[in-house]
Amino acid sequence: MVLRIVKYGDPVLETKAAPVTQFGTPELRSLVDNMFETMYANKGVGLAAPQVAVSQRLTVIDPSAGEDPNAKLVLINPEFIVKEGAQVGEEGCLSIPGFREDVKRAAKVRLRAQNVEGGTFEVDGEELLARAMQHEIDHLDGVLFLNHLSLLKRDLIRRKIRKLVKAGEWQ
Ligand code: NI
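Here the structure is a predicted model, which means the values were calculated and not measured.

Peer 1: Just checking my understanding: could you explain the overall build of the chain for this structure?
Peer 2: A tally of regular secondary structure across the chain gives three helices and seven strands. When the elements of the chain are put in sequence order from the N terminus, they spell out α-β-β-β-β-β-β-β-α-α. Computed over the C-alpha atoms, the radius of gyration of the chain is 16 Å, within 12% of the 16 Å expected from 2.2 N^0.38 for a compact globule of 171 residues. Seen along its three principal axes, the alpha-carbon backbone of the chain occupies a region of about 45 × 35 × 30 Å. When the 171 residues of the chain are sorted by exposure, 44% land in the buried category.

What follows is the structure, given as structure tokens:
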């Protein structure tokens, strides 16, 4: 089922999400399935649970955008262990459609997370995968890519969004 993605302005996007505590349940499995379906339907490479109004520490990522079944990644209660180097690249967000900006991120990361069954694993990421991991895990802390921009750029985007809200074009 494709879920509704909440847009910038909804407080859930700027709220720190709670850890997932129940594993292996039908609810968790269907949330994960629906999040992948929603992400692919919107041509995204990552989606965090707060973006579908579920304030829990869960994100799905697929840098291949559905091309490679082995690229699907479910991260539950993820924590970075290592962040190294720097990369700058353009980012967008399904909750802030129509806006893309350069964001500086770590070049390489390693993180620890749990899977749907509750098992713990570690995973490395670089380039686009590392960027997606940092963007999505930010969502779990209520942080958006806008928070990484200069005040000037952030205000410009906020002003444009306010106009879209007034025009009824931001729902
Ligand atoms: Ni996002």
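Here the narrative resumes, following the displayed structure.
Peer 1: Whenever I open this one, the sheet that holds strand β7 (residues 120-126) confuses me. Can you help?
Peer 2: By way of backbone hydrogen bonds, the strands of a sheet pair with one another, either parallel or antiparallel. Overall, antiparallel pairing links the five strands, which are arranged β1-β2-β3-β6-β7 in an open sheet. Strands with a single pairing partner mark the edges of an open sheet, and in this sheet they are β1 (46-48) and β7. Across the sheet, the mean angle separating the axes of adjacent strands is 40° when strand polarity is ignored. By the bridge criterion, seven bridges tie strand β6 (residues 108-114) to β7 in an arrangement that is antiparallel. Directly across from Arg110, in β7, lies its bridge partner Asp124. Those strands touched by helix α1 (residues 26-41) are β1, β2 (58-61) and β3 (73-84), and its axis lies near 45° from that of β2.

Peer 1: When you look at the pattern of salt bridges in this model, what are you seeing that I'm missing?
Peer 2: Pairing is possible between side chains that carry opposite charge, provided their charged atoms lie close to one another. Under the counting rule described, the total for this entry stands at eleven salt bridges. Between Arg57 and Asp141 there is a salt bridge, with its nearest N and O atoms 2.9 Å apart. You can see Arg57 sitting in the loop between β1 and β2 and its partner Asp141 sitting in the loop between α2 (127-140) and α3 (151-166), a full 84 residues away along the chain. Overall, Arg57 belongs to the buried group, its relative accessible area being 11%. Glu90 is paired through a salt bridge with Arg100; the nearest N and O atoms lie 3.1 Å apart.

Peer 1: I'm lost on the side chain of Thr38 in this one. Help?
Peer 2: Position of Thr38 among the secondary structure elements: in helix α1. Setting aside residues up to four positions removed in sequence, Thr38 forms contacts with Met1, Val2, Leu3, Ile5, Leu47 and Val52.

Peer 1: Can you help me understand the packing of aromatic side chains in this one?
Peer 2: Both the distance between ring centres and the angle between the ring planes are used here to describe each pair of aromatic rings. For the coordinates displayed, the defined rule picks out two aromatic pairs. Between Phe36 and Tyr40, the aromatic rings sit 6.0 Å apart at their centres with planes inclined by 25°, giving stacked as the arrangement. Residue Phe36 and its partner Tyr40 are both found in helix α1; the two are separated by four residues, about one turn of the helix. Looking at Phe36, the relative accessible area reads 6%, which means it is buried. Residue Tyr40 is classed as partly exposed on the basis of its relative accessible area of 27%. Note that Lys72 overlies the ring of Phe36, its terminal NZ or CZ placed 4.4 Å from the centroid. The aromatic ring of Phe80 is capped on one face by Lys83, whose charged end is 4.6 Å from the ring centroid.

Peer 1: Where do I start with the coordination of the nickel ion in this structure?
Peer 2: On the protein side, the nickel ion has Cys93 (SG), His135 (NE2) and His139 (NE2) as donor atoms, found 2.1 to 2.3 Å from it. Read in sequence order, the donor residues for the nickel ion give the motif C-x41-H-x3-H. Taken together, the positions of His135 and His139, both in helix α2 and four residues apart, correspond to about one turn of that helix. Each of the two residues, His135 as well as His139, counts as buried.

What counts, and at which threshold
Sequence order as written defines the numbering, with residues in each chain counted from 1. Where local features are concerned, this predicted model is filtered to residues with pLDDT of at least 70; where side-chain atom pairs are given and counted, the filter is 80 or more; whole-chain, interface and lining totals use all residues. Each side-chain value is worked out from all heavy atoms of the structure, with water and hydrogens disregarded. Runs of E in the DSSP output that reach at least two residues are strands. Runs of H or I that reach at least four are helices, and both are numbered from the N terminus. Throughout, the radius of gyration refers to the C-alpha atoms, and the reference size of a globule is 2.2 Å times the residue count to the power 0.38. Using a 1.4 Å probe on the protein chains alone, a residue whose accessible area is under 20% of its type maximum counts as buried, one over 50% counts as exposed, and one in between counts as partly exposed. Any two strands with at least two DSSP-identified bridges between them are counted as paired. Axis definition: a line fitted to C-alpha atoms, limited for helices to the stretch in contact. Angles are taken between N-to-C directions and run from 0 to 180 degrees. Residues count as neighbours in contact if any of their non-hydrogen atoms are within 4.5 Å of one another. When a carboxyl oxygen of Asp or Glu lies within 4 Å of a side-chain nitrogen of Lys or Arg, that pair is called a salt bridge. Here the aromatic set is Phe, Tyr and Trp, taking the six-membered ring for Trp, and pairing holds for ring centres within 6.5 Å; pairs whose planes are under 30 degrees apart are stacked, those over 60 apart are edge-to-face, and all others are tilted. As a reminder, the over-ring test applies to NZ of lysine and CZ of arginine, requiring each to be within 6 Å of the ring centre and within 35 degrees of the ring normal. Sites may look incomplete, because water is not among the atoms used; the donor set itself consists of N, O and S atoms within 2.8 Å of the metal (3.2 Å for Na, K and Ca).

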